[in-house]
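Structural characterization, general
Listed below are the residues making up each chain.
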Amino acid sequence: MSDVRHVPAELSSFVGRAEELTAAGEAVAAGRVLTLTGPGGCGKTRLAMRLCRAASGAWPDGVFWVGLEQETDGGQVGRRMAAALDVPLPADRDPVPVLAAALRERELLVVVDNCEHVLDDAAGVVAAVLAECPRVAVVATSRSRLGVPGERVWPVPPMRLADALELFLERVRSGAPDADRTAESQARRICDRLDRLPLALELAAGWAGALSLAQIADSLSAPYALLDGGARTTPFRQRTLQASMSWSHDLLDDDERVLFRRAGVFEPGFTADAVTRLAELGGPGAGRLLRALRGLIDKSLVVADTTGPVARYRMLGVVRAYALDRLAAAREESAARDLHLDVHASLPVELAPLLETDKDAWRARLGAAYPNVRAAIEWGLSRPDPALGRRLAADCAWLWHLEGRGAEGAALLRRAAALGADERSPLQARVLAALALVLNTAEPGIEAFEVARAARELAAAAGAPEAARPAGPLIALGLLATGLPEALAEARAVREEAVRAGDGFVADSAEAIAGLVHVLGDDYRRAIECFERAVERLVARGDRGVASFALGWWALAAARSGALERAAELAGRAVETAEPLRDLHWTGSARVVLAEIRILQGRLNEAAAALEPVDRLIDGLGRLPFITGWERCQAMLALGHDRPGEAVEWCWREGRWQEEPDAAWLAPDTQLVLAAALRRTGEAAAATRLLDALSRSPVTERMPRVRAGVLDELALLSHDSDPERALRLHHEALRIHADHDLVLGLVAGLESLALLDLRRGAVRTAGVLAGAAERARANLGAAPRPLPAADGAEGRELRAAVERGRAMDLAAAVAHATRARGPRRRPDSGWASLTPAERSVAGLAAEGLSNPEIAARLFVSRGTVKTHLAHVYAKLQVANRTELARATAARDRNEDEHAEDGVRRPG
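As the structure is a prediction and not an experimental result, all values here were calculated from the model.

As a further point, take helix α21 (residues 406-419). With 14 residues, α21 ought to run about 20 Å at 1.5 Å a step, and its terminal C-alpha atoms sit 20 Å apart, in line with that. Along α21, the positions that sit buried rather than exposed are Gly406, Glu408, Gly409, Ala410, Leu412, Leu413, Ala416 and Ala417. Against the buried residues of α21 lie α18 (370-382), α19 (387-395), α20 (397-402) and α22 (426-442).

As structure tokens, then:
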């Protein structure tokens, strides 16, 4: 049996309708929509629920229920459907093309229930999905047809008399066991007078405990006489239901009438606690209202759902509409909505402790009440004093930040901010900080940074810095455009303040941003330390967005340090952490990191598989959502498959939002990939211009890996034209890679040098470097990149040299490459006198690793470690590990004073 998702629980037995189920089931077809039409209360929803369960085996990819009863904004229909089908969406784009792309290859049934109040939007979504998804079937329920191509309209008929009698008597039996059930003639009268309408029958059966069947039948005569004359402005069965509800309402006692109309403000439901709060409006006390609740349930005007941990109560849409009419007639609507706002404004306050302990639980509980919360915000913002509505909007920021409701949240928070534009208050600072938080994922760009800064300035002026504390990490993130030192200093300051204030999320977010700064500066040791301190706490409290972001950058730091298997594990965790958010920015960015690491491992098919869910969702979108590195990763994958022309196109797409193509708008890493792609398409001049410009960029000076990458690419362009220049450039790049422990760069540099040496006729050196690089790749978990094959004596010499190189560790290979180039002037003492291998050993020894642990980390023998340490002690004039650790700490302090960005400088 296939999956059946989100279908509401049937809280009472389903009676009859066998023929209708068969006929409707036969009308369901792939690529078509079947619309069950009829007035409220005719049984459309119950029939659709039964169709779901009966049809589940026929749809391999599942049956899904999309309830729109509580949706007041038609623009959210696509997001409601995507949520039901677990499709991640971009926060700032039309969800319908993404939804259609996600369902294009799937074979499933979607039921869209209660479309009439958002009819045009529901019709648009259904039409778009069916146009793109030939194997998807849709069943809709609505009081009127959708009007889309391929629609089959199926009016739900009145129940057959036998079914109506069975339903009515079954409800009588369950609600009033002692009622007279022998008067079948009276039951027939009731069924006929109620037009065999299921909801009307349920309402009538609810009175069987207080009235005999004969009394019910007689009392129905007066209101139904109205149906035989006078204006007929509504269809007969609709007037039947209206009259039935009026009749049932008139029979309620005073307390039940009060609760009935007041409960209408809750959408779609409420709890017993909310009922007790309604007593604050005057009239019956809390105890009397709870007894009235029991009466409304018995009379089928309220449905009780006790399947969850807390019992919830709701009215069917048509019943709630009648209750709201009664509320307006009693002139209590404003007072009831004010109370509704007060009830839901207190909910985030009650849930606030979960923000620091379990944000998943916080999202689940606030999300369950979201239709009510959204209605409360909209009402609150419309009041003469909108302060409570503004506060509630600010309290919902995390829900909008993390989930696919960001556009809606941004719109409400902009309204809230505009209403307080003349204020210099802590509340206005909170609203602005909340808006910045939501904009950061809903509409990534400079506005989030500017709003965050405005929030902090306003909070400081108001003497309430805590009001804008969540804006601190966003400010640090925005400062990356200014420079790494500025961003790092801001992140550190934000973290220190948050630690003092006990704000765990802000402290850990700032720590993660500091880690990002270190990654961008290629100081992976410090980056990993930051992520290790922050990530587990972020994951533990359910801060999935920042946690997935930190895990992804941690994975890249590990990969570039040479720990590819560990990197793949971290990237996998990033994907798992982000996916429950169902947001394309978070899940897409995490999948890009995983794909990039698979490319670095040479596992191109797995990289494509990691990207495929993202590719499928955004296929055909005009303006693509923001997914960090997506285009660059596609370009890397194209290069891996030897399609450089395609890689060039992908790189330029990263700057698609610019009117004129300009490589300066591309990320430095993307510019390097573009240069490689241009070189491989034979566009050497264009590649050289690009690299020259990149080398002059201030950003490149702060990014050693990019600086070395520029040199390596320039060297590759000179392999044929100027081998000596190429040799010099490769060795300068190798030095930068070694000075900053850029392990992947070292391996690629050795391979480039081997290729150059082979072209220069230095076969032995080429073979040794290639063999060492092959061993390093095997140790790192990456696919080998062998040299071109050679024949005859040269081939034998090359193979023998490769075998010798396979016995050489990476540090020794780098030293060998340096020696092969010729003597190099190096000081006799001090840090600058250490070889790359000695620097690596010294760093690990200072961290407290033993000789065997260092040997395992660097893939060298223990004897080699001992020799390197002896050289280190002599050159640094220290006697033991303790003195080495002190010397290392002193050097790091000195570097921090001269480079606030944390990037370790050579020598």
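Here the structure, examined in full by the defined rule, presents five aromatic pairs. Judged by centre distance (5.5 Å) and plane angle (45°), the ring pair of Phe266 and Phe270 falls under tilted. Every member of this aromatic cluster is reached through a ring pair, and the members are Phe266, Phe270 and Tyr313. The ring of Tyr322 has Arg326 sitting right over it, with the charged end atom 5.4 Å from the ring centre. The positively charged end of Arg891 is found above the aromatic ring belonging to Trp831, 4.3 Å away from the centroid.

Turning our eyes to something else, we now look at the environment of Ala557. Turning to its location among the elements, Ala557 is positioned in helix α28 (residues 544-560). Separated by 107 residues in the primary sequence, Ala557 and Ala664 have C-alpha atoms spaced 24 Å apart. If near-sequence neighbours (up to four positions away) are discounted, Ala557 is found in contact with Val519, Tyr524, Ala527 and Ile528.

With that settled, the discussion passes to the confidence of the model for the protein. Low-pLDDT portions of the prediction should not be read for the details of their coordinates. Looking at the protein, pLDDT values average 84 and 90% of them are 70 or higher. When the elements of the protein are averaged for pLDDT, helix α10 (residues 221-225) gives the smallest value, 48, and α19 the largest, 95. Overall, residues 223-235 carries pLDDT values under 50, and its contacts beyond four positions in sequence, including any with other chains, amount to 13 contacts. In the model, residues 898-907 has pLDDT below 50 throughout and makes 38 contacts with residues more than four positions away in sequence or in other chains.

Of note, the phi angle at Asp86 is positive, near 55°, even though the residue is not glycine. Tracing the backbone shows Asp86 in the loop between α3 (77-84) and α4 (95-103). For Asp741, which is not glycine, the phi dihedral falls at a positive 55°. On the basis of relative accessible area, Asp741 is assigned to the partly exposed category, the value being 29%.

About the criteria used
Residues numbered from 1 in each chain as written. Predicted model: local features only at pLDDT ≥ 70, side-chain atom pairs only at ≥ 80, totals over all residues. Heavy atoms only, no water. Helix = DSSP H or I, 4+ residues; strand = E, 2+ residues; numbered from the N terminus. Expected span 1.5 Å × (residues − 1). Buried < 20%, exposed > 50% of the residue type's maximum accessible area, 1.4 Å probe, protein only. Contact = heavy atoms within 4.5 Å. Phe/Tyr/Trp six-rings, centres within 6.5 Å; stacked < 30°, edge-to-face > 60°. Lys NZ or Arg CZ within 6 Å of the ring centre and 35° of its normal. pLDDT = per-residue confidence, 0-100.

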